Every structure is written in C-alpha cells, then in structure tokens.
Amino acid sequence: MTRRSEREGRAADDLARHLLDTGALMPEWVDAFRAVPRSLFLPDLFWAYDMATGRSEPVVRSEDAAGWERAAYEDIPVVTQWDDGRHMGTAPGSQGTSSASMPSVVASMLRDLDVSDGTRVLEVGTGTGWNAGLLAHRLGSGNVVSVEIAPEVAASASAALNRAGLGPRLIEGDGREGWPPGAPYDRVIVTAGVRTFPAKWLEQTRPGGIILAPWGTHYSNQDALVRLTVGEDGRGTGPFLRMVEFMKLRDQRLDWDRFVEHVKEFPGDADTSRTSRTLADLGDRYATSYFAIGLCVPDCAHVVNVGDSGEEGDAKAWFFDVRGQSWAAVVFSPGAPDATVYQSGPRRLWDEVERALTWWISRGRPDIDRFGLTMDRDGTTRPWLDTPVGVLPSFA
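Computed from a predicted structure; not experimentally measured.

Describing the overall build of the protein
For the protein, the helix and strand inventory stands at 10 helices and 18 strands. Its C-alpha atoms give the protein principal-axis dimensions of roughly 65 × 55 × 35 Å. For the protein, the proportion of contacts with a sequence separation of at least 24, taken over those separated by at least 6, is 60%. Counting only carbon and sulfur atoms, one obtains 48% of the accessible surface of the protein, whose full area is about 17500 Å². Positive and negative side-chain charges in the protein, numbering 42 and 56 respectively, have mean positions lying 4 Å apart.

Here you go:
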C-alpha cells in the first residue's frame, strides 16, 4: 500500500470529520474515508468544479502541488476525462465523461446503500476507483465487483486500487450487463445517470436487495437518487431520496444534434399563443417542479437559451419531441405580462408541460421524497406519487 504523507493524512482526517459533522458520513464509514484517500485516485491533471461560477478549472499537480492537494480534498466534483478521452490539453473539453463525485455525495450514497459485514456489492461505473476502494476497505475486496466501460479509465482505477492495497474485482465492460458470475448481489450501486434501467440489474439482485441509482428523464440533465428494493416477484420499487446530477451512462446520453432538423426556420409555420407562466414557474435544475414535469411529459427534451432571440434579457425555453418532429418554444421577455408560445407538430408540447405543471401545483407542490419508482422485470419503469399505486398521469 502506498504510504500517505503526514499532510495528506491530515487532509483525509479533516475531510472525514467535515462529512461526519454534516451528517453525510456515517460513523461506520469513517475508517474507510481516512484509510482510502481520495487523492490517491486522482490524476495529475484534473478539472475542479467552481461551485460559484459553474466552470471547471484545470489543476496540474506538477505546477501547483498545494493547490492540487487542496482541490483533491475539497467537497467539490472534479472532471477526470473529457470527450471519452479524445480531449487534449488543459482547457476543459466539450463534455465531461468521467469524474470524481463530491465527497459528500459519495458518502451519502454509501450511507443510503445500507451495507453491513458480508454484503456483496455490484458497482456500475468504476470511474476513478475511489468508491470501489471505500467499499472494498469496508466490506473486503472479495465482496465488491465494479464494472467500467472505458478501458483507459478502468486501467487508471486498477492502478490506483493496487497502490491502495485493495483488490475488488474490476471488470472492463458494459455496466448495463452487470456481471452475472458474481450474482446474486445484495446491493447494486450505480454511479452514472440512468434514463432506462437495464433488466439485468434486477435479475442479478437477490430478493430483498437494493439498487441505488441516479435516475431521470430526457427532459433535463438532472437526476434523482432512487432506492429500489427488489421483491420476491422480481420487481424493484422504492422512493426518490434527493436531487443529484451525474454524467450519464454512455449509451443513454442525449444527442442534441438530433433536434437540428426539428426547427428548419423559426418560427416557421408554428402556431402562436400567449401564456402567463413565467420562466421561474418551470423551476431550475434542482427544483422538484422541473423533475415532475419530466415525469409527466414523456419523451420531451428541454433547454433554455438566454439572449438568443435578439433582445437582451430575453430567454427562450425550447421543448423537443424525442421520438417525433414536434417542438415548442416559449419566449420570455423581461417586463412583459405574458410570454409568446410557438408550437409545431402533432404534439402540443407546451400545452403538455403547462398541464403537468398545473397538476403538480394542484397536488400541493409535492417534494421529491413523495415520488417513487417501480421497475418491472423487463426494465419498464413507472413513477408514482406517495404510494406505488399512485401512478402519475401522462400528458403526452
């Protein structure tokens, strides 16, 4: 095992103490967080996320060792790969494709996983290997299997785990397949955003076992952490715990280029109307209203552009049909009593969104922890409100 410096040891202890004080870290995980330093799993160049500006800034160990170590132990996410490894240089790339999550997110997910001695865990998405290392330290390497699709990411994680003296089984492959030779598992933890649940995760989880995963819709990039308990009938059901945001499984990323042909010219032959709804009514990326709209308006992608209408201060909310050619746009102008709505195609996407928002408000603006998800044996998912029989309406 690689020996830690005294300074690194203090930094790991300080991080564990901070996470313990905030409630993210449970006492039974403290030893693992102190013994398995996050810095051991980070490359010499990574990009630290600035929570204030929303930008990712490069941090190079050879140029600023103290700054690198400080960022390694901050409670921030860091990007470790851009553009599936095609990116070169220190400037951020186009799309982050591998990262180390915020330590508080890692700690709270391990808390929610609810493991004990002897628990067998399948991890989907090895990433840097830090999460697999923490699990291996707590449960024993023989009880942890981790699957990573990117060969270069898997190789880096394997080297880091070896340096840490830990040996969970690391599989280079598609996490959607799980790893049948190790099944059944007591727990499955997914460290990438999911839009479609692979049925094989259910098949490889024992009855009474738990699947913990960030799940969401293509309406937005946000996810909600869901904790599914697998029943004797092979179905999984359980509540959403809180809003999170993860890089998506490779084959489930939304390709925005697919919408180029939706709007050949704007507004073209779109129908025009007005709405008194404001941009704030739709919510932001971590608002439950935002998430609920996505649940009730299936196969709809949404993005907001600011200033693209030619008038400073205007914002344009776009809605695209993922399976067809329908689209809608709503232009919000500061000081205007109403916004202008444009809709084209057989689906009236803005009407669907407005009905979903009205439904959410009529139910008392329920927070995320009142929603849940049921996953059938074939991977079909059904979101619900309050109880599994409270299936949500679909406004499509």
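Examining the pairing of strand β11 (residues 236–244)
Alignment of strand β10 (residues 223–230) against β11, held across six bridges, turns out to be antiparallel. Counterpart to Ala 224 in the pairing with β11 is Met 243. Of the strand pairs in this sheet, β11 and strand β17 (residues 371–375) are connected by four bridges, and their pairing is antiparallel. Residue Thr 237 lies in a different strand from β17, and its bridge partner there is Thr 374.

Quick look at the nonpolar core
Phe 197, Trp 215, Phe 240, Phe 319 and Phe 371 are the most contacted members of the largest nonpolar core, which has 56 residues in total. If sequence neighbours within four positions are ignored, Phe 319 has contacts with Tyr 219, Leu 282, Cys 300, Ala 301, His 302, Ser 326, Trp 327, Ala 328, Val 330, Leu 349, Trp 350 and Val 353. Core analysis: the second largest hydrophobic core is formed by 49 residues, Trp 29, Phe 33, Ala 107 and Met 109 among them.

Observations regarding the packing of helix α9 (residues 288–296) against helix α10 (residues 349–362)
Closest axis-to-axis distance for the α9/α10 pair is 9 Å, and the angle between their directions is 120°. Classified by the angle their axes make, α9 and α10 are oblique. Taken as a pair, α9 and α10 cross one another with a handedness that is right-handed. Residues Thr 288, Ser 289, Ala 292, Ile 293 and Cys 296 of α9 touch α10, and the partners they reach there are Val 353, Ala 356, Leu 357, Trp 359 and Trp 360. When its residues are assigned to classes, the contact of α9 with α10 shows eight nonpolar, two polar and no charged.

A short note on α10
Helix length check: α10, at 14 residues, gives a terminal C-alpha distance of 20 Å against a target of 20 Å (1.5 Å per residue), a fit within 8%. Residues of α10 that are buried include every one of Leu 349, Trp 350, Glu 352, Val 353, Ala 356, Leu 357, Trp 359 and Trp 360, and no others. With its phi angle positive at about 90°, Gly 364 sits one or two positions after the end of α10.

Looking at the pairing of strand β9 (residues 205–215)
When you tally the buried positions in β9, you get eight out of 11 residues, the bulk of the element. Summarising the sheet, strand β8 (residues 185–190) and β9 pair through four bridges and their orientation is parallel. From the neighbouring strand, Val 188 faces β9, where its bridge partner is Ile 211. Alignment of β9 against β10, held across six bridges, turns out to be antiparallel. Among the inter-strand pairings, Ala 213 is bridged to a residue of β10, identified as Val 226.

As for the sheet that holds strand β14 (residues 315–321)
With antiparallel pairing, five strands are arranged side by side in an open sheet as β12-β16-β15-β14-β13. In this open sheet, the two strands that pair with only one neighbour each are β12 (271–275) and β13 (300–306). Across the sheet, the mean angle separating the axes of adjacent strands is 20° when strand polarity is ignored. The sheet contact formed by β13 and β14 spans seven bridges and is antiparallel. Bridge pairing links Val 303 to Trp 318 in β14. Each of β12, β13, β14, β15 (327–332) and β16 (339–344) touches α10; the most contacted strand, β14, lies at about 100° to it.

Calculation criteria
Residues numbered from 1 in each chain as written. Predicted model: local features only at pLDDT ≥ 70, side-chain atom pairs only at ≥ 80, totals over all residues. Heavy atoms only, no water. Helix = DSSP H or I, 4+ residues; strand = E, 2+ residues; numbered from the N terminus. Contact = heavy atoms within 4.5 Å. Areas by Shrake-Rupley, 256 points an atom, 1.4 Å probe, with all protein chains shown as cover. Lys, Arg positive; Asp, Glu negative; His and termini not counted. Charge placed at Lys NZ, Arg CZ, Asp CG, Glu CD. Pairing = 2+ DSSP bridges. Core = buried A, V, L, I, M, F, W, Y, C linked by side-chain atoms within 4.5 Å. Buried < 20%, exposed > 50% of the residue type's maximum accessible area, 1.4 Å probe, protein only. Axes fitted to C-alpha atoms, helices over the stretch in contact; angles between N-to-C directions. Parallel < 35°, antiparallel > 145°, perpendicular 65-115°, else oblique. Left-handed = near helix turned anticlockwise from the far one by under 90°. Nonpolar A, V, L, I, M, F, W, Y, C, P; charged D, E, K, R; others polar. Expected span 1.5 Å × (residues − 1).

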